[in-house]
Structures are given as C-alpha cells and as structure tokens.
Amino acid sequence: MVSSNYSFHSQGECVSIFRRMFPDSEIAKSMTFGETKSMYMACFGLAPYFSKLLEKKAKEQPFVLLFDESLNRELQKEQLDIHLRVWDDNKVSTRYYTSDFLGHACTVDIIDSFDKNVAKTLTYKNLLQVSMGGPNVQKVV
C-alpha cells in the first residue's frame, strides 16, 4: 500500500480479494481492513520502524541532512520537511525523516527545528552536509 502509493481507503477492497484467494481460511473470513486501520498501521506501525532503521544508519556512518520548506495547504502553515541521505547497501539513499510546522520561519527557527527534531536522536558528528531543497531537487540517479 505505502510503497505503491495506494490510498488508505482503497485497502478495504483488498479484504474481498483475500477472502476469494483463501476461501478456507478463518483468518481471511474474519479479516477487516479499512481506511482507519490502514492509516494506523502505516503511521504508528511501519513509520516508527523505518525511522529507527534510518536513525541507526545515520548514527553509524556519515549522512547528509536535506530540508525543504513548503506551504501546507491544509494547515496554512510553512512545513519544514527533513530528509536524510545515507549509504544503503552499495547505493546512496534519500529517505524522509520528519516534518515540523513552523509558521512564518526565519533561519533561527529552522536551526531550532533541526535541534528539536534531529539532534535529539542523532549527533552532528556524522553530519557531512546540509542541503536546502527537496529530495527531488538533489536526486541521485
């Protein structure tokens, strides 16, 4: 669902597919999986797990911190997205790390956000570079 960019709502339709694939399975018969459960699993199950894996890599090796500010249309606030670029299985990998809602921000606010969101779990001793702009701007091919 997450890696294929499917909506959370679309996951409810998967239940009927599993029931047809496994008609003799009691698990498939009693399975429910809707928008709320999908969102909860992605946000509170998968996301923390992958975030910890990324933190572990950044603690063990040099990393690049990328940040990008954009307007969050729903909240009407400036959103600071933070990504980390690390060496991952013989390739460079850029991954989303966290976001912070800043409102109208200046340089001091961005540095405070780094301290609040990055320095609490990672040390700056492995930091190689700080890059401004989203991961698509500095995409490694």
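Described in the following lines is the structure provided in the data block. (Residues numbered from 1 in each chain as written. Predicted model: local features only at pLDDT ≥ 70, side-chain atom pairs only at ≥ 80, totals over all residues. Heavy atoms only, no water.)

### Quick word on the pattern of salt bridges
Tallied over the entire structure, the rule returns 5 salt bridges. Put simply, Glu 26 and Lys 29 hold a salt bridge, and the shortest N to O gap is 3.6 Å. Pair noted here: Glu 26 and Lys 29 are both in helix 2 (residues 26-30), with a separation of 3 residues, about one helical turn. Where Glu 60 meets Lys 56, a salt bridge forms, and the shortest distance between an N and an O atom there is 3.4 Å. Here Lys 56 and Glu 60 lie together in helix 3 (residues 35-60), a separation of 4 residues that amounts to about one turn. (Salt bridge = Lys/Arg side-chain N within 4 Å of Asp/Glu carboxyl O. Helix = DSSP H or I, 4+ residues; strand = E, 2+ residues; numbered from the N terminus.)

### Let's talk about the packing of aromatic side chains
On inspection of all chains with the given rule, the structure shows 3 aromatic pairs. On the basis of an interplanar angle of 40 degrees and a centroid distance of 5.0 Å, the ring pair of Tyr 40 and Phe 44 is categorised as tilted. With a gap of 4 residues between them, Tyr 40 and Phe 44 both fall in helix 3, about one helical turn apart. Each member of the pair, Tyr 40 as well as Phe 44, carries the same accessibility label: exposed. (Phe/Tyr/Trp six-rings, centres within 6.5 Å; stacked < 30°, edge-to-face > 60°. Buried < 20%, exposed > 50% of the residue type's maximum accessible area, 1.4 Å probe, protein only.)

### Quick look at the nonpolar core
Judged by nonpolar contacts, the single largest core of 14 residues is most densely connected at Phe 63, Leu 65, Ile 82, Leu 84, Tyr 97, Phe 114 and Leu 122. Elements with a contribution of two residues or more to this core: helix 3, strand 1 (63-72), strand 2 (77-87) and helix 4 (107-117). Of all the elements, strand 2 adds the most residues to this core, at 4 residues. Beyond its immediate stretch of four places on either side in the chain, Tyr 97 contacts Ser 51, Leu 54, Glu 55, Ile 82, His 83, Leu 84, Asn 117, Val 118, Thr 121 and Leu 122. (Core = buried A, V, L, I, M, F, W, Y, C linked by side-chain atoms within 4.5 Å. Contact = heavy atoms within 4.5 Å.)

### Some details on helix 3
For helix 3, spanning 26 residues, the distance from its first C-alpha to its last is 36 Å, which sits close to the expected 38 Å at 1.5 Å a residue. Remark: the principal bend of helix 3, roughly 35 degrees, maps to Ala 47, with a proline, Pro 48, within the next four residues. Restricting attention to buried positions, one finds in helix 3 the residues Ser 38, Ala 42, Leu 54, Glu 55 and Ala 58. (Expected span 1.5 Å × (residues − 1). Bend = angle between axes of the 7 residues up to and from the residue.)

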